[in-house]
2 protein chains.
Amino acid sequence: MKVKDIGEFGLIDRITKRPKDKDVLVGIGDDAAVIKTKKGLQVLTTDSLVEGDHFRREWFHPVQIGMKAIEINVSDIASMGAIPRYVLVSIALPNDLDVDFFEKIYKGMWKSCDKYQIEIIGGNMTHSEKIVISITLIGEVDIKNLCLRSSAKPGDLIFVSGYLGNGRAGLRLLQEEIEGFENIKKNYLEPKAQLKTALKISPYVNSMIDISDGLAPEIKHICNQSKCGAIIYKDKIPIKVDVRSLAKTLDEDEFDYALFGGEDFKLVYSVSKENLDEVNGFLVGEITEKQDILLSFNGKEKKLTQNGYDHFKEINQK
Amino acid sequence: MKVKDIGEFGLIDRITKRPKDKDVLVGIGDDAAVIKTKKGLQVLTTDSLVEGDHFRREWFHPVQIGMKAIEINVSDIASMGAIPRYVLVSIALPNDLDVDFFEKIYKGMWKSCDKYQIEIIGGNMTHSEKIVISITLIGEVDIKNLCLRSSAKPGDLIFVSGYLGNGRAGLRLLQEEIEGFENIKKNYLEPKAQLKTALKISPYVNSMIDISDGLAPEIKHICNQSKCGAIIYKDKIPIKVDVRSLAKTLDEDEFDYALFGGEDFKLVYSVSKENLDEVNGFLVGEITEKQDILLSFNGKEKKLTQNGYDHFKEINQK
């Protein structure tokens, strides 16, 4: 059996052990791990960008590569309701890479770090045929603001914090070498973590996750871990006019972009009805007791079985 | 200018900024970063293993790959005098990798983690053409045990905690497909961090570092950061008989293995004369005021100018 046959969910199941250490509040399986310290709760996440899979040197300016490496990790910390503080960078570089290119990657990392008042405190460099940037981001969270995937409640309404589908749309534009649509391309090349939004709503949401893999698999993560289900109202998914128009041009489905496209880095969160006044966002669904994920449209409900974007099952960016 | 032209030291210089955050005690440039928390000091390190550069699937059992990924990071934490606690794993996998191979990598990681009572608390999985394992290890240290690269003092004696050259010798055996020498091969395939030794001596040493890149560049790291120099007594470098015999067979220099070979994961530390009773190890040199690194042999002293093993300047493991 190959990695592509069982996908990310299957792989994670096979390697997860219950933490023995009582200081580990959240282990493998959320956007970030949470450990108890006397100062409060520390939140830790890691993510890698692999050349060819997550970026191409022809498409990305090296400053954009560095910025993206930081933003996608800040997005994971933000979705826990936490404040990012420290970064470790493990970078693998080809021997024949221009030093200038390397420096610009770090310039991009520092640029995003400065924006969030994060410090790069350490790291490691090694050789590789392709550029691999692995970021570990450490943050802090007050327990009353901590947002987990596992705390959604039946009856919660599901919101997203912004328009979806831009990530996949941007990728398709670059893959198909289509002129124009500069805003969509920029959204893909320069994703931004929604830290401010996350910190504002975190005391009021029951569960939260960032949309790196598409709305459907993220809601599936929440439902799996909260042992509940969801209905997604397809028609309510916010998709920008130019993304719709691009999908039409390419004879593709804009809802596929939003549901399974990935790389949007918006937030999806569930809120109990008494807290509705405290949050903004686009209503896209509801948490249900029954453990199915349903897509509702035209008055019908369809069970969502597709995994959506899975790093081991879907197309690469090549 | 290419990455290989300026090497690791040059690259690090270009991206290092002084930390602004007063909680960052040690930033970029040591084996691990150190941040202040109310509980005490937290130590954080990261390192990557790239298939083709740091391991080959033909040589390593997947359990050994997992063990090595953990051990090399424990070695970095140990050399700070710290106790390892938590691991984050960012792993990139080819689609066609056997799930069994993947599971065995994690089996190896858990095996080493269990030995040191470390927990894997989180991580990330993504796709890549070659396997890349990036580990972040978080530990704790009491300030009286903290060992930095920057605290060596002129007059300190320099010790190593074990025999050197095994790492490079093991690599050469596998590259040249030489039968026998099973112990050396095992040392290369299953390196062990010297955590117990490190914790025992850490209160008494002025500076410490683990030998991942060869004795000479590690002493250079200590001298650069401590603004001092060193004399290395070449004849005192401990090298096992079978490593000497292998080097002879291959018409190579066993001292090159020890000085520039890398992957030994022993400790090198400097000790002031009043603490000599408290530490063991092989005496290999002395810290000097003058900022040169000299190799002393046959009554002569030669300035060491070579960088030794540098990930961007030397041979790969391919």
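Residues numbered from 1 in each chain as written. Chains lettered and ligands numbered in written order. Predicted model: local features only at pLDDT ≥ 70, side-chain atom pairs only at ≥ 80, totals over all residues.

Check the secondary structure of chain A and you find nine helices and 13 strands. For chain A, the C-alpha radius of gyration of 19 Å lies close to 20 Å, the compact-globule estimate for 318 residues. Counting only C-alpha atoms, chain A reaches 55 × 55 × 45 Å along its principal axes. Residue burial in chain A is summarised as follows: out of 318 residues, 56% are buried. At a minimum sequence separation of 6, the contacts of chain A that also span at least 24 residues come to 82%. (Helix = DSSP H or I, 4+ residues; strand = E, 2+ residues; numbered from the N terminus. Rg over C-alpha atoms; globule rule 2.2 N^0.38 Å. Buried ≥ 20, exposed ≤ 12 C-beta atoms within 10 Å, placed from the backbone. Contact = placed C-beta atoms within 7 Å.)

Turning our eyes to something else, we now look at unusual backbone geometry. Even without glycine at this site, Glu-177 of chain A takes up a positive phi of about 50°. Even without being a glycine, Phe-181 of chain B presents a positive backbone phi close to 50°. For Phe-181 of chain B, the position within the fold is in the loop between α4 (166-175) and α5 (182-189). With 20 C-beta atoms packed within 10 Å, Phe-181 of chain B lands in the buried category.

It is worth spelling out the interface of chain B and chain A at this point. The interface of chain B with chain A comprises 61 residues on the first partner and 61 residues on the second. Listing elements by their share of the side of chain B that touches chain A, those giving two or more residues are α1 (3-15), β2 (33-37), β3 (40-50), β4 (83-93), α3 (99-116), β5 (119-127) and β6 (132-141) of chain B. Here the element with the most residues in the side of chain B that touches chain A is β5 of chain B; it accounts for nine residues. Per-class residue counts for the side of chain B that touches chain A are 27 nonpolar, 18 polar and 16 charged. (Nonpolar A, V, L, I, M, F, W, Y, C, P; charged D, E, K, R; others polar.)

Note on the chain copies: they are related by a rotation about an axis and a translation along it. For the pair chain B and chain A, the best superposition has an RMSD of 0.0 Å and corresponds to a rotation of 180° with a translation of 0.0 Å parallel to the axis. Taken together, the turn and the small shift mark the pair as related by a two-fold rotation axis. Considering only C-alpha atoms, the residue of chain B closest to the rotation axis is Lys-38 of chain B, which sits at 2.9 Å. Interface overlap between copies is the fraction of interface residues in one copy that are interface residues in the other; for chain B against chain A it reaches 100%, indicating a shared surface. (Least-squares fit on C-alpha atoms with pLDDT ≥ 70 in both.)

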